[in-house]
Amino acid sequence: MKDQLEKIKNLAESAIQDAKSMQDLEQIRVKYLGKKGELTLVLRGMKDLSNEERPLIGKIANEVREEIENSLQNAIEVVKQNEKNIRLQKETIDVTMPGRKCKLGHKHPLTKVLDEIKDIFIGMGFKIAEGPEVETVYHNFDALNAPKNHPSRDMSDTFYITEDILLRTQTSPVQIRTMKKQTPPIKIISPGRCFRFDELDATHSPMFHQVEGLVIDRGITMADLKGTLDLFAKQLFGSETKTKFRPHHFPFTEPSAEVDVTCFKCEGEGCKVCKGSGWIEILGAGMVHPNVLKECGIDPEEYSGFAFGMGLDRVTMLKYGIEDIRLLFENDMRFIEQF
Ligand code: PHE
């Protein structure tokens, strides 16, 4: 039995020496140390030994097991290291190769102008609010006091998703969402995309951008509206800029106005940009209609406020002298990089 153990040990050791891979080593482990392995079989025969022999052989058997285990462990380390070296050799990096250039983007002109507009209003204490582009008819029209037969509700002007859901045609529904959520004082601007069923040409796009403004508090008057927008125009277009309020109509404001600024190109003299008039229309505005306040749970006897909405695409085009709105949405880097 002692010889048998010695033989197993020698065979195992030489097999381990010849092993080249982890699989080889695993096979050896199973063959000699596994449940049906050779060493195990020998140990099973120990019950036939005499009482004197058993502890002696037992001791040798344990030593043999330990030695084989140690040799296996060492061999595993060596194989692992070899495999790693081979992998490292295969994966060598040629550090002299030129790197891949990472292309930097460029701020879109719409984003640049919007950032400026945001900075100006944040400087006056406004917060930024957002609303969904997919809106309900209720928020986009009904709650904004739009009469049921208002032409803008028409299928030919508005993208309807269902009878009650549409792509918002203006950012004004954010007024409703804000007033329903928040108690006055409210002072927000809300920039975002809007959609109207327009044929695409140099001045129209079915997708465009507006920036909405809303201020609600006790004692807000038309003077606050004029002062705020006049200061805004001076900051965006230059300190010499003047504003002009022309009477207009919106269902959700009363009184309502369209606001012009003096042409920043000719400073009011008359040129191509302002089509000779010296003035450029940039936004709609007015005092929030009492019906709208009531709909949002705000008492018009206690609170008043103003709202305005401007076309971001239009302001951007005017500011940079861009003549075709389509350029803003084609994402041609040769165009975008000019700003
Ligand atoms: N929502 C209006 C439009 O799209 C603009 C506007 C906003 C007018 C707020 C008055 C007050 O034309």
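Since we're looking at a predicted model, the values are computed, not measured.

Rules behind the numbers
Residues numbered from 1 in each chain as written. Predicted model: local features only at pLDDT ≥ 70, side-chain atom pairs only at ≥ 80, totals over all residues. Heavy atoms only, no water. Domains from an automatic or database assignment. Near = heavy atom within 4 Å. Polar contact = N/O pair within 3.5 Å; in protein donor to acceptor, adjacent residues only side chain to side chain. Areas by Shrake-Rupley, 256 points an atom, 1.4 Å probe, with all protein chains shown as cover. Helix = DSSP H or I, 4+ residues; strand = E, 2+ residues; numbered from the N terminus. Expected span 1.5 Å × (residues − 1). Buried < 20%, exposed > 50% of the residue type's maximum accessible area, 1.4 Å probe, protein only. Arc of directions from axis to C-beta. Contact = heavy atoms within 4.5 Å.

It is worth spelling out the domain arrangement of the chain at this point. The assigned domain composition of the chain is domain 1 (2-90) and domain 2 (109-336). Computed over C-alpha atoms only, the centres of domain 1 and domain 2 are separated by 83 Å.

This part covers the site of the ligand. The immediate surroundings of the ligand are formed by 14 residues, with Gln170, Ser172, Arg196, Gln210 and Glu212 found nearest. At 2.8 Å, a side-chain N or O of Gln170 approaches a nitrogen atom of the ligand. Here Ser172 contributes a side-chain N or O atom positioned 3.0 Å from a nitrogen atom of the ligand. Calculation on the ligand without its partners gives an accessible area of 320 Å², and the protein chains cover 90% of this total.

This part is about unusual backbone geometry. Residue Pro185 follows Pro184 across a cis peptide bond; omega there is 5°. Here Pro185 shows up in the loop between helix H7 (173-181) and strand S4 (186-195). Of note in the backbone geometry, Asn145 takes a positive phi value of approximately 70° without being a glycine. Looking at the element boundaries, Asn145 is found in the loop between helix H6 (137-140) and strand S3 (165-167).

What follows deals with helix H5 (residues 109-123). Compared with an ideal rise of 1.5 Å per residue, which puts 15 residues at 21 Å, H5 spans 21 Å between its outermost C-alpha atoms and is within 8% of the ideal. All of the buried residues along H5 are Pro109, Leu110, Val113, Leu114, Ile117, Ile120 and Phe121. In a view along the axis of H5, the buried residues occupy a sector of 125°, so they form one face of it. More than 90 degrees from the buried face of H5, the exposed residues found are Asp119 and Gly123. Among the structural elements, S4, strand S5 (207-217), helix H8 (222-237), strand S9 (304-311), helix H10 (312-320) and helix H11 (333-336) are those in contact with the buried residues of H5. Phi turns positive one or two residues past the end of H5, at Gly125, with a value near 95°.

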